[in-house]
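# Observations on chain architecture
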Amino acid sequence: MKRPFVSLGLLTGLSLLGPAQAAPVKLSNLPVSVEPSAKLLTLTDAGIRNAFPSAAGRPDAVFMTEDRKVSVAFEWRDGKLAPNEVEKLVAQFPGVIRAQVPGIKTLKAGLVQMGGSPWAQFVFTTPGQGDDLRRELMMTSVGGRVLVLTIAGNVKDYSRNEAVIRTLTSSVRLN
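Residues numbered from 1 in each chain as written. Predicted model: local features only at pLDDT ≥ 70, side-chain atom pairs only at ≥ 80, totals over all residues. Heavy atoms only, no water.

### Some words on the pattern of salt bridges
Selection criterion: Here, a salt bridge means any side-chain nitrogen of Lys or Arg that lies within 4 Å of a carboxyl oxygen of Asp or Glu. A simple rule labels every residue: compare its accessible area, found with a 1.4 Å probe on the protein chains alone, to the largest value its type can have, and call it buried under 20%, exposed over 50%, or partly exposed in between.
All chains considered together, the criterion is met by five salt bridges. E136 is the partner of R134 in a salt bridge, and the nearest nitrogen-oxygen pair spans 2.9 Å. Both residues of the pair, R134 and E136, belong to the buried class. Where D157 meets R160, a salt bridge forms, and the shortest distance between an N and an O atom there is 1.9 Å.

If you want it as structure tokens, here you go:
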């Protein structure tokens, strides 16, 4: 199944809750807690619905950098994934990405530890207007289901916001 990636332009002007709080926050409908930075904005449920009109592929939680250039989205997927299969994704999923995303310039895959759990990590770039687009998919198993964290932005904006994004991702804890 092809999954569209949201254009950051769609997110501009949408309802935002404002700066995320620094205390650990449990994300609604997800078995995840994070410690968002005051330098991140949280998209409201209405904002998420506006940015992702189709219920298919709509993330459950979205954070954005203050400049609204990079988004971090958390999404439950319907697929099943056993904890011991996360490592297999690193070898298998790059082919899926290449088949579904046209014009991939670079693609790196690896296994990382986040919050004490293994995550398959895929970082890829595609051509964009003025700068390449950068997408990072991180996938893990929670209760036998697939949990996906997607970081989206262009290369330069990601570089400017990398510290804030990495602080958020390093705070992810599965409940």
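### Concerning the confidence of the model for the protein
Worth spelling out the cut-off: The pLDDT score gives, residue by residue, the confidence of the prediction method on a 0 to 100 scale. Here, two residues are considered to be in contact whenever any of their heavy atoms come within 4.5 Å of each other.
For the protein, per-residue confidence averages 87 on the pLDDT scale, and residues scoring 70 or more make up 87% of the total. Under a pLDDT of 50 for its full length, residues 1–21 has, in the predicted model, 54 contacts with residues more than four places off or in other chains.

### As for the environment of V72
The criterion, for reference: Each helix is a run of DSSP H or I of at least 4 residues and each strand a run of E of at least 2, with the numbering of both proceeding from the N terminus.
Relative to the helices and strands, V72 is located in strand β6 (residues 71–80). In the structure, V72 is positioned 11 residues away from A61 in sequence and 8.3 Å away in space, judged by C-alpha atoms. For V72, the contacting residues outside a window of four places in its chain are A61, V62, F63, L149, T150, I151, I165 and L168.

### As for the pairing of strand β7 (residues 106–114)
This is how the line gets drawn: Whether two strands pair comes down to DSSP finding at least two bridges between them.
Of the pairings in the sheet, the one linking β7 to strand β8 (residues 117–126) comprises nine bridges and is antiparallel in character. Its bridge partner being in β8, V112 is matched across the sheet by W119.

### Examining helix α4 (residues 155–170)
Every α-helical turn comprises 3.6 residues, leaving residues that sit three or four positions apart pointing alike. As a reminder, the rule being used: Two axes define the bend at a residue: one fitted to the seven residues ending there, one fitted to the seven starting there, and the bend is the angle between them. Two N or O atoms form a polar contact when they lie within 3.5 Å of each other; inside protein one atom must be a possible hydrogen donor and the other a possible acceptor, and for residues adjacent in sequence the pair counts only when both atoms belong to side chains.
At N161, α4 shows its largest kink, close to 65 degrees. Among the residues making up α4, those that are buried are D157, Y158, N161, V164, I165, L168 and T169. Regarding α4, its N-cap is N154, as a side-chain oxygen of that residue lies 3.3 Å from the backbone nitrogen of K156 further along.

### Let's talk about the sheet that holds strand β2 (residues 25–26)
Judged by pairing direction, the sheet is antiparallel, and its three strands sit side by side in the order β2-β3-β11 without closing on themselves. Bordering the open sheet on either side are β2 and β11 (173–174), each of which pairs with just one other strand.

### Observations regarding the side chain of T169
Mapping T169 onto the fold places it in helix α4. Look past the residues within four positions of T169 in its chain and what remains in contact with it is M114, L149 and I151.

### Thoughts on the packing of aromatic side chains
Applicable threshold: Only rings of Phe, Tyr and Trp enter the pairing, Trp through its six-membered ring, and a pair is recorded when the two centres are within 6.5 Å. The plane angle decides the type: under 30 degrees is stacked, over 60 is edge-to-face, the rest tilted. Here, a charge over a ring is recorded when the distance from Lys NZ or Arg CZ to the ring centre is within 6 Å and its angle to the ring normal is within 35 degrees.
Across all of its chains, the model carries two aromatic pairs by this definition. Where F63 meets F74, the ring centres are 6.3 Å apart and the plane angle is 85 degrees; that geometry is what we call edge-to-face. One end of the pair, F63, is in strand β5 (residues 61–65); the other, F74, is in strand β6, with 11 residues separating them in the sequence. The buried category is assigned to F63, whose relative accessible area is 3%. For F74, a relative accessible area of 0% corresponds to the buried category. Of note, R134 hangs over the ring of Y158, and the distance from its end group to the ring centre comes to 3.6 Å.

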